[in-house]
Amino acid sequence: MEICAVGGYSEVGKNFTAIKVGDEVVICDMGIFLPPLINYQGEDTELRGLSSDQLIKIGAVADDTIIAEWKPKVRAIVLSHAHLDHIGAVQFLAAKYRCPVYGTPFTIELLKSLLADEKVRLPNEFKVLNPNSTAKISNTLKLELLGITHSTLQASLIVLHTKEGVVIYANDFKLDNHPVLGKKPNYERMRQLGKDGVKCLICESLYASVDVKTPSEKVARELLKDVMLTVDTKDRAIFVTTFASHIARIASVVDFAKKLGRKVIILGRSMNKYLGAANKIGLVPFFKDVKICSYQGEVRKALKELSQNRGKYVVVCTGSQGEPHSILDRIAEGDLKFSFLEGDVIVFSCKTIPQPMNIANRKVLEDKLRRMKARLFIDIHVSGHAGREDLRDFIAMLKPKHLIPAHGESQMESALADLGVEMGYIVGESVHQMKDGQRLKIE
Ligand SMILES: [Zn+2]
């Protein structure tokens, strides 16, 4: 068995791992890394017009030329979940491989929507697999997508059953015992896998250095409830911004808006994309209760109505990272003929992704909003990623023979390797820290 760390082992983004067993290869995730793309193109994140070679050169997608000789052996591309750092490069790289793309219904639906937006047609077949089900990839490879909690819907652990043992790819997850949408982790199955024997675990390390058990989404819901239902918002506008992919968070906003007797307006193209994809497969119980506006005209009309009846609505919109051209940014810039007034409430139900550009953008946006005298409530959020103590429990459940830290910069991966050492793993023997481009043989 050979594992190639193609992308996501030297940065947080462009996740791409190739697993070769005998003469067959499975690719887990094909993600994108946005910062280099934005540096290259200015603030315009339109991807059209760049070739895969250019994208590899600027570091926006993983350099899969390093597995060029494996290309004819690739039997499947398996996507763990619907975040762009896991699926965003499918449109540029998947056509090189003559194999199907597997994912849960939401992941595949969102992927199709991204491809349609970019007018990309791929030759690959899409194979939809429900969480907690299996598919035969070949005579010797069986795929199991094991449902897991994260910050978007239908995330899965990729469990690959091979003739040399079981490989589990765990990017991204948290162990949430009270999720707001979806089921809690399938601990029983995880323990069974551990009992039966796991050869190798490829595991996210983003928060491996943080000594916590990541709080449940239920905690974020309570934080949000506390702001929305106890702060005096009479006749004031209420805006909540979060990640468009975080459907469970939006569900909580909708519930509390109902308690306030307010209607929910959702603004922004990416919101429309994620909610639309989730609704297509019946995962958005509140869809009929909200109005989604993604086009310019609709957005302006909704904001005009809001400015006349501030106390009647709750707005959910883009701008959680201070992104230029997001709804919040355009309001702050005076582009949308809506102004915040003293006492209006803006809830940032997110964290700022710790990239210099996001941090700078958020600061600029917050400063503008404060000058408008809006009240800002920041960090009304919990993470979707496992903390160190979750990782300890997770590894103890699965008992892998080999542990490979993934999805992180080197200090994050070192932290997970250190945790492995605490748990009895030996560096270079059973815990293996890798960098983009490296390969590891496992006997
Ligand atoms: Zn994710």
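Going by the structure above, here's the rest.
Calculation notes
Residues numbered from 1 in each chain as written. Predicted model: local features only at pLDDT ≥ 70, side-chain atom pairs only at ≥ 80, totals over all residues. Heavy atoms only, no water. Helix = DSSP H or I, 4+ residues; strand = E, 2+ residues; numbered from the N terminus. Donors = N, O, S within 2.8 Å, 3.2 Å for Na, K, Ca; no water. Buried < 20%, exposed > 50% of the residue type's maximum accessible area, 1.4 Å probe, protein only. Salt bridge = Lys/Arg side-chain N within 4 Å of Asp/Glu carboxyl O. 1 Å grid on protein atoms, 1.4 Å probe; cavity = no way out; pocket = protein on both sides within 12 Å on 5 of 7 lines; lining within 4 Å. Points joined across faces, edges and corners; volume = space filled by probe spheres on them. Nonpolar A, V, L, I, M, F, W, Y, C, P; charged D, E, K, R; others polar. Disulfide = S-S within 2.5 Å. Pairing = 2+ DSSP bridges. Axes fitted to C-alpha atoms, helices over the stretch in contact; angles between N-to-C directions. Contact = heavy atoms within 4.5 Å. Phe/Tyr/Trp six-rings, centres within 6.5 Å; stacked < 30°, edge-to-face > 60°. Lys NZ or Arg CZ within 6 Å of the ring centre and 35° of its normal. Expected span 1.5 Å × (residues − 1). Polar contact = N/O pair within 3.5 Å; in protein donor to acceptor, adjacent residues only side chain to side chain.

Trainee: Before we go on, may I ask you to explain the environment of Lys291 in this structure?
Mentor: Mapping Lys291 onto the fold places it in strand 14 (residues 290-293). Spatially, the C-alpha atoms of Lys291 and Ala396 are 45 Å apart, while their sequence positions differ by 105 residues.

Trainee: Would you mind going over the coordination of the zinc ion with me for this structure?
Mentor: Each angle at a metal carrying four tetrahedral donors should ideally be 109.5 degrees, and each at a metal carrying six octahedral donors should ideally be 90 or 180 degrees. Coordination of the zinc ion by the protein involves His81 (NE2), His83 (ND1), His150 (NE2) and Asp172 (OD), with metal-donor separations of 2.1 to 2.2 Å. Here the donor residues of the zinc ion share one chain and are spaced in sequence as H-x1-H-x66-H-x21-D. Of this pair, His81 sits in the loop between strand 4 (74-78) and helix 3 (84-87) while His150 sits in the loop between strand 8 (142-148) and strand 9 (155-162); the two residues are 69 residues apart in sequence, bridging distant segments of the chain. Of the two residues, His81 and His150, both sit in the buried class.

Trainee: What is the right way to read the pattern of salt bridges from this model?
Mentor: For the structure shown, the criterion picks out 26 salt bridges. Glu69 is the salt-bridge partner of Arg439, the closest N and O atoms lying 3.0 Å from each other. Remark: Glu69 occurs in the loop between helix 2 (52-58) and strand 4 and Arg439 occurs in strand 19 (residues 439-441); sequence separation between them is 370 residues. For Arg370, the salt bridge is made with Glu366, and the minimal N-O distance between the two is 2.8 Å. Here Arg370 pairs with Glu366, and both are found in helix 12 (residues 356-371), just four residues apart, close to one helical turn. Via salt bridges that share partners, Asp211, Arg388, Glu389, Arg392 and Glu422 belong to a single interconnected network.

Trainee: Is there a simple way to think about the layout of surface pockets in this case?
Mentor: If a probe as big as a water molecule is rolled over the atoms, it shows which places are left empty. By volume, the second largest pocket amounts to about 470 Å³. In terms of lining residues, the second largest pocket is bounded by 25 residues, among which Ile148, Gln154, Leu181, Gly182 and Lys183 are the most central. Mapped onto the lining of the second largest pocket, the elements with two or more residues apiece are strand 8 and helix 8 (247-259). Of the residues that constitute the lining of the second largest pocket, the class distribution is 10 nonpolar, 11 polar and four charged.

Trainee: Whenever I open this one, the state of the cysteines confuses me. Can you help?
Mentor: Covalent bonding between the sulfur atoms of two cysteines is what defines a disulfide. Inspection of every chain in the model, using the stated rule, returns zero disulfides. Here Cys99 is not cross-linked by a disulfide; its sulfur's nearest cysteine counterpart is in Cys28, at 11 Å. There is no disulfide at Cys293, and the cysteine sulfur nearest it, in Cys317, is 12 Å away. For Cys293, a relative accessible area of 0% puts it in the buried group.

Trainee: Help me out: how do you make sense of the sheet that holds strand 8 in this one?
Mentor: In any sheet, the strands associate via hydrogen bonds between backbone groups, in a parallel or an antiparallel arrangement. Read across the sheet, six strands follow the order 7-8-9-10-11-18 without closing on themselves; strand pairing throughout is mixed. Whereas interior strands pair on both sides, the edge strands pair on one side only; in this sheet they are strand 7 (133-136) and strand 18 (400-406). Taking the axes of each pair of neighbouring strands and ignoring which way they run, one obtains an average angle of 20 degrees across the sheet. Taken together, the seven bridges between strand 8 and strand 9 define a ladder with antiparallel strand orientation. Counterpart to Lys142 in the pairing with strand 9 is His161. The strands touched by helix 6 (residues 187-196) are strand 8, strand 9, strand 10 (165-170) and strand 11 (198-204); relative to strand 8, the strand with the most contacts, the crossing angle is about 140 degrees. Packed on one face of the sheet, helix 14 (residues 410-422) meets strand 11 and strand 18 and runs near 160 degrees to strand 18.

Trainee: Even after reading the chapter, I still don't get the sheet that holds strand 5 (residues 101-103), so can you show me in this structure?
Mentor: Here seven strands make up an open sheet; going across it, the order is 6-5-4-3-2-1-19 and the pairing mixed. Edge positions in the open sheet fall to strand 6 (126-128) and strand 19, since each of these has one partner strand only. Averaged over all pairs of adjacent strands, the angle between their axes in this sheet comes to 20 degrees, without regard to strand direction. Relative to strand 5, strand 4 runs parallel, the two sharing two bridges. The partner of Val78 across the bridge, within strand 5, is Tyr102. Against the sheet, helix 5 (residues 105-117) makes contact with strand 5 and strand 6, and its axis sits at roughly 150 degrees relative to strand 6, the strand it touches most.

Trainee: Sorry if this is basic, but what is going on with the packing of aromatic side chains here?
Mentor: Both the distance between ring centres and the angle between the ring planes are used here to describe each pair of aromatic rings. Taken as a whole and judged by the stated rule, the model has five aromatic pairs. Both rings, one in Phe239 and one in Phe340, keep their centres 4.8 Å apart while their planes meet at 75 degrees; by these two values the pair is edge-to-face. Of the two residues, Phe239 sits in strand 12 (residues 238-241) while Phe340 sits in the loop between helix 11 (327-332) and strand 16 (345-348), which places them 101 residues apart along the sequence. Considered together, Phe239 and Phe340 belong to a single accessibility category, that of buried residues. Relative to Phe340, the ring of Phe338 lies with its centre 5.6 Å away and its plane at 90 degrees, an arrangement referred to as edge-to-face. When the ring centre of Phe348 is taken as reference, the NZ or CZ atom of Arg362 above it lies at 4.1 Å. Sitting over the face of the ring of Trp70, Arg439 holds its NZ or CZ atom 4.5 Å from the ring centroid.

Trainee: What's the story with helix 14 in this structure? I'm lost.
Mentor: Because an α-helix completes one turn every 3.6 residues, residues spaced three or four positions apart along the sequence face the same direction. The end-to-end C-alpha distance of helix 14, which contains 13 residues, comes to 18 Å, matching closely the 18 Å that a straight helix rising 1.5 Å per residue would cover. On its buried side, helix 14 packs onto strand 11, helix 13 (388-398) and strand 18. Positive phi shows up at Gly424, right after helix 14, with a value of about 105 degrees.

Trainee: What is the right way to read the environment of Ser294 from this model?
Mentor: Mapping Ser294 onto the fold places it in the loop between strand 14 and helix 10 (296-308). Residue classification places Ser294 among the buried positions, given a relative accessible area of 14%. C-alpha separation for the pair Ser294 and Arg269, spaced 25 residues apart in sequence, amounts to 4.6 Å. Setting aside residues no more than four positions away along its own chain, Ser294 makes contact with Gly268, Arg269, Asn272 and Val299. Within the structure, the side chain of Ser294 is placed 3.2 Å from the side chain of Asn272, a separation counted as a polar contact.

By themselves, these observations are geometric and do not establish any function.
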